[in-house]
There are 2 protein chains.
Amino acid sequence: MLHHFRLALAFGAILLFHLSPCAHAEVPKVPTQVPAYYRIQLGQFEITALQDGFTEHDTTVLQNINETDLSHLLSRMFVGNPKMQTSVNTYLINTGTNLVLVDAGAAKMARPTLGYVLQNMKDSGYDPSQVDTIIITHMHSDHIGGLIDAGGEPLFPKATVWVPQTESDFWLSQKNADVASAYIQPNFKKARDTAAPYLASGQWKTFKDGSVLVPGIQAVKTHGHTPGHTAYAVESKGQKLLIWGDLVHAHSIQFAHPGVSMEFDVNPKQAIATRKSILKMMAASKTLVAGMHLPFPGIGHVRAESKVSYAWVPIEYAPMPKAENKEDKGKNVKK
Amino acid sequence: MLHHFRLALAFGAILLFHLSPCAHAEVPKVPTQVPAYYRIQLGQFEITALQDGFTEHDTTVLQNINETDLSHLLSRMFVGNPKMQTSVNTYLINTGTNLVLVDAGAAKMARPTLGYVLQNMKDSGYDPSQVDTIIITHMHSDHIGGLIDAGGEPLFPKATVWVPQTESDFWLSQKNADVASAYIQPNFKKARDTAAPYLASGQWKTFKDGSVLVPGIQAVKTHGHTPGHTAYAVESKGQKLLIWGDLVHAHSIQFAHPGVSMEFDVNPKQAIATRKSILKMMAASKTLVAGMHLPFPGIGHVRAESKVSYAWVPIEYAPMPKAENKEDKGKNVKK
């Protein structure tokens, strides 16, 4: 009670006096945020999370949840209601042989809070011209929009863009576009416009489920959110990371209730089954996970809370491990 | 099962083939981490978390917990066992009138993973010479060590250092040093050495519990970890933040079991009572909290899991809110 009183006083009191009454020269504020990149080492691979920005989904995009559960879950995670901040992440993998970007963000196609992948990549020490391989989880515009600039020109001139064949076939099909609902229709046009320059130059390539894209990165079929949605199993020197794309959109809701779907799930039933299956496996195996819509940097672990419920455990900020050779030396390196 | 098989394949298989067999020019790795600063807006105040670095506490520093609970709690938070990574954070507050640093980190006094406050401050856009006020939560060397350089010279030449009177009296007392245990003895010498140049110049000042240090920042008595341990209630335009110093050291343990103490608690019983009281208040009032040993940036909320157990909910990475006037404009600003 004593503490309670003192703290109430501290926060509530009219502040009549203070100890440093002398006026100080004001120091200009510096209202910039730290750049949105974050790096980890995975075996011999260096992985850099790059944030494209964020969206604010309205809770009305959630399906299969009642108001009481919804409010409770948002409140316990201190997430905005009805506007849930949702990060848009991409991952840059330097395998030592290839520089691989997994998804490309939304670029400026969407809204002013998105489109910062290139800036964050540059801040992190890489240039888009160095990227030789781009791997796409699925063809929604917040994952492929960043492939082209506002004029439709490719932003990664030297990169081969690898797209799951089922996914590419679905979104580039005029027939599918013709029969799509008005809600989903714009996605087809955006997908075609984005793919166009890479298709024209022969840099757009497709692959079958389970393919190894580059040594250490293998496609994992995780259909449902979209018909060809694909996760990527990354492994180096026995260390593993599953980059799972859009397995979870609303972290405050879908870890606790994996049966909640989103209105942009093309096949919600399949998306739910896939999410439940992958969450169960990741929790059991304690595999490191990265997700495109998890709170930036979106890297962490899945913990099982019950047989049907999970929790997200983000990694802690840490410096890079000490370099093993001269070439790798740099600042902010773990001693 | 299908998914399980595919993922096991993805991670376990000998990779006999891949789709991009052509050799690429290797891109040099960039083994630097993003700078360890992070900024939030609190009313009119701009608050920048600055990491000094991290320590790795052995689990043997924990008291009042059995092996089973300990292993379970560390495992569920994916924290190292027996070495728990523990962040050391400080907070820089630009009130518009004062530039206030809350704690100064450990500098190079301790170990090579500490002592980055000045570098992170500079990366964040501020210079130590701009700091006019330093407020100390308590006089352990990972909180005051950063006040001086290796030669004992003050690193914040223009700052007044405000220290809770009880705390200053305790650590600067030769009598207390004389009767202290061998374990705690070095703390007294470090405290004296660190305070010395500021005492000599008249920049070391003490205050009583509950004092307002600068408008909007008030001391909150939270004794126990040390005899004068003090938290700071920060408030601007109705927005509140409690910078609670060392109320929690081992986040994976002490939120769930607030009755667990640390071997460096000067008065463990009082430290536990204080922690329980503050956690209860913070959870009930949903007040934003910052902690010197919480995972960087160490800002977030406390959630009550039961009447005696809590969870830590870190804030999500977000850009700074849009500037309200010309002077405040900058990059990475929320649109």
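Residues numbered from 1 in each chain as written. Chains lettered and ligands numbered in written order. Predicted model: local features only at pLDDT ≥ 70, side-chain atom pairs only at ≥ 80, totals over all residues.

**Student:** Which parts of the structure should I look at to understand the overall build of chain A?
**Tutor:** When you go through chain A residue by residue, the secondary structure sums to 9 helices and 16 strands. By the burial criterion, 50% of the 335 residues in chain A qualify as buried. Within chain A, counting contacts between residues at least 6 apart in sequence, those at least 24 apart form 66% of the total. (Helix = DSSP H or I, 4+ residues; strand = E, 2+ residues; numbered from the N terminus. Buried ≥ 20, exposed ≤ 12 C-beta atoms within 10 Å, placed from the backbone. Contact = placed C-beta atoms within 7 Å.)

**Student:** How should I be thinking about the confidence of the model for chain A in this particular structure?
**Tutor:** Do not read the fine detail of predicted coordinates wherever pLDDT is low. Residue and element names in this part refer to chain A. When the pLDDT values of chain A are averaged, the result is 91; 88% of them are 70 or greater. Note on residues 1-5: pLDDT is under 50 here. Beyond four places in sequence and across chains, it has 5 contacts. Counting contacts from residues 12-17, a segment whose pLDDT is below 50, to residues more than four positions away or on other chains yields 3 contacts. Interface scoring of the predicted complex returns ipTM 0.92; its pTM is 0.92. (pLDDT = per-residue confidence, 0-100.)

**Student:** Just to check I follow, could you spell out the sheet that holds strand β5 (residues 99-102) of chain A for this structure?
**Tutor:** The strands making up a sheet associate through hydrogen bonds between their backbones, and the pairing can be parallel or antiparallel. Residue and element names in this part refer to chain A. Taking strand neighbours across the sheet as the criterion, the 7 strands line up as β1-β2-β4-β5-β6-β7-β8 in an open arrangement whose pairing is mixed. Either end of the sheet is taken by a strand with one partner, and the two such strands are β1 (37-42) and β8 (204-207). Strand-to-strand twist in this sheet, taken as the mean axis angle between neighbours without regard to direction, amounts to 25°. Where strand β4 (residues 83-94) lies against β5, 4 bridges are found, and the strand directions are antiparallel. Counterpart to tyrosine 91 in the pairing with β5 is valine 102. (Pairing = 2+ DSSP bridges. Axes fitted to C-alpha atoms, helices over the stretch in contact; angles between N-to-C directions.)

**Student:** Any chance you could explain the nonpolar core here in plain terms?
**Tutor:** Across soluble globular proteins, you tend to see nonpolar side chains buried next to one another. Judged by nonpolar contacts, the single largest core of 160 residues is most densely connected at Ile134, Tyr232 and Ile243 of chain A together with Ile134, Tyr232 and Ile243 of chain B. The contacts of tyrosine 232 of chain B, once residues within four sequence positions are left out, are Val102, Ile135, Ile217, Gln218, Ala219, Val220 and Ile243 of chain B. (Core = buried A, V, L, I, M, F, W, Y, C linked by C-beta atoms within 7 Å.)

**Student:** What is the right way to look at unusual backbone geometry in this model?
**Tutor:** Of all residues except glycine, most have a negative phi; of all peptide bonds, most are trans. The omega torsion across phenylalanine 296 of chain A and proline 297 of chain A is 5°, close enough to zero to call that bond cis. Positive phi values are uncommon outside glycine, yet asparagine 64 of chain A reaches one of about 70°.

**Student:** I'm lost on the pairing of strand β10 (residues 217-221) of chain A in this one. Help?
**Tutor:** Looking down a regular strand, the side chains alternate between one sheet face and the other. Residue and element names in this part refer to chain A. For β10, the tally of buried residues reaches 5 of 5 residues, placing the bulk of the element in the interior. Side chains Ile217, Ala219 and Lys221 of β10 all project onto a buried face; the interleaved residues Gln218 and Val220 project onto the opposite face, where all are buried too. Of the pairings in the sheet, the one linking strand β9 (residues 212-214) to β10 comprises 2 bridges and is antiparallel in character. Residue pairing for β10: valine 214 is matched across the bridge by isoleucine 217. Remark: 2 residues form the turn of the hairpin made by β9 and β10, two consecutive strands paired antiparallel; glycine 216 in that turn has positive phi of roughly 100°. Where β10 and strand β11 (residues 230-236) come together, 5 bridges link them in antiparallel fashion.

**Student:** For this particular structure, what's the right way to read helix α7 (residues 185-201) of chain A?
**Tutor:** Residues separated by three or four positions in an α-helix point in the same direction, a consequence of the helix having 3.6 residues per turn. Residue and element names in this part refer to chain A. In this model α7 runs 26 Å from its N-terminal to its C-terminal C-alpha over 17 residues, within 8% of the 24 Å that 1.5 Å per residue would give. The largest bend in α7 is about 40°, located at alanine 195, with the proline proline 197 one to four residues further on. Turning to α7, its buried residues number three or more, namely Lys190, Ala191, Thr194, Ala195 and Tyr198. Where the residues of α7 are buried, they touch α4 (141-144), β7 (160-164), α5 (165-171) and β8. After α7 finishes, the residue glycine 202 shows a positive phi value of roughly 80°. (Expected span 1.5 Å × (residues − 1). Bend = angle between axes of the 7 residues up to and from the residue.)

**Student:** How should I be thinking about helix α9 (residues 268-285) of chain A in this particular structure?
**Tutor:** In this model, α9 of chain A (18 residues) spans 26 Å end to end at C-alpha, consistent with the 26 Å of a helix rising 1.5 Å per residue. Restricting attention to buried positions, one finds in α9 of chain A the residues Ala271, Ile272, Thr274, Arg275, Ser277, Ile278, Leu279 and Met282 of chain A.

**Student:** Sorry, what's going on with the sheet that holds strand β12 (residues 239-243) of chain A here?
**Tutor:** All names here are of chain A. Pairing in this open sheet of 7 strands is mixed, and the strands run β9-β10-β11-β12-β14-β15-β16 from one edge to the other. Every interior strand has two partners, whereas the edge strands, β9 and β16 (310-314), have only one. Averaged over all pairs of adjacent strands, the angle between their axes in this sheet comes to 35°, without regard to strand direction. In terms of strand pairing, strand β14 (residues 288-290) meets strand β15 (residues 299-304) through 2 bridges, oriented antiparallel. Considered in β15, the bridge of valine 289 is made with glycine 300.

**Student:** Looking at this structure, how should I read the environment of tryptophan 204 of chain A?
**Tutor:** Residues and elements named next belong to chain A. Here tryptophan 204 shows up in strand β8. Taking the C-alpha atoms as reference, tryptophan 204 lies 9.6 Å from isoleucine 134; in sequence the two are 70 residues apart. The contacts of tryptophan 204, once residues within four sequence positions are left out, are Val161, Val163, Ala195, Tyr198 and Leu199.

**Student:** Looking at this structure, how should I read the pairing of strand β7 (residues 160-164) of chain B?
**Tutor:** All names here are of chain B. Taking burial as the measure, the 5 residues of β7 include 5 buried ones, the bulk of the element. Of the two faces of β7, the one holding Thr160, Trp162 and Pro164 and the one holding Val161 and Val163 are both buried throughout. As judged from the 3 bridges shared by strand β6 (residues 133-135) and β7, these two strands associate in the parallel manner. Looking at the pairing, isoleucine 135 lines up with tryptophan 162 of β7. Relative to strand β8 (residues 204-207), β7 is paired through 4 bridges, and the arrangement is parallel. Looking at the pairing, proline 164 lines up with phenylalanine 207 of β8.

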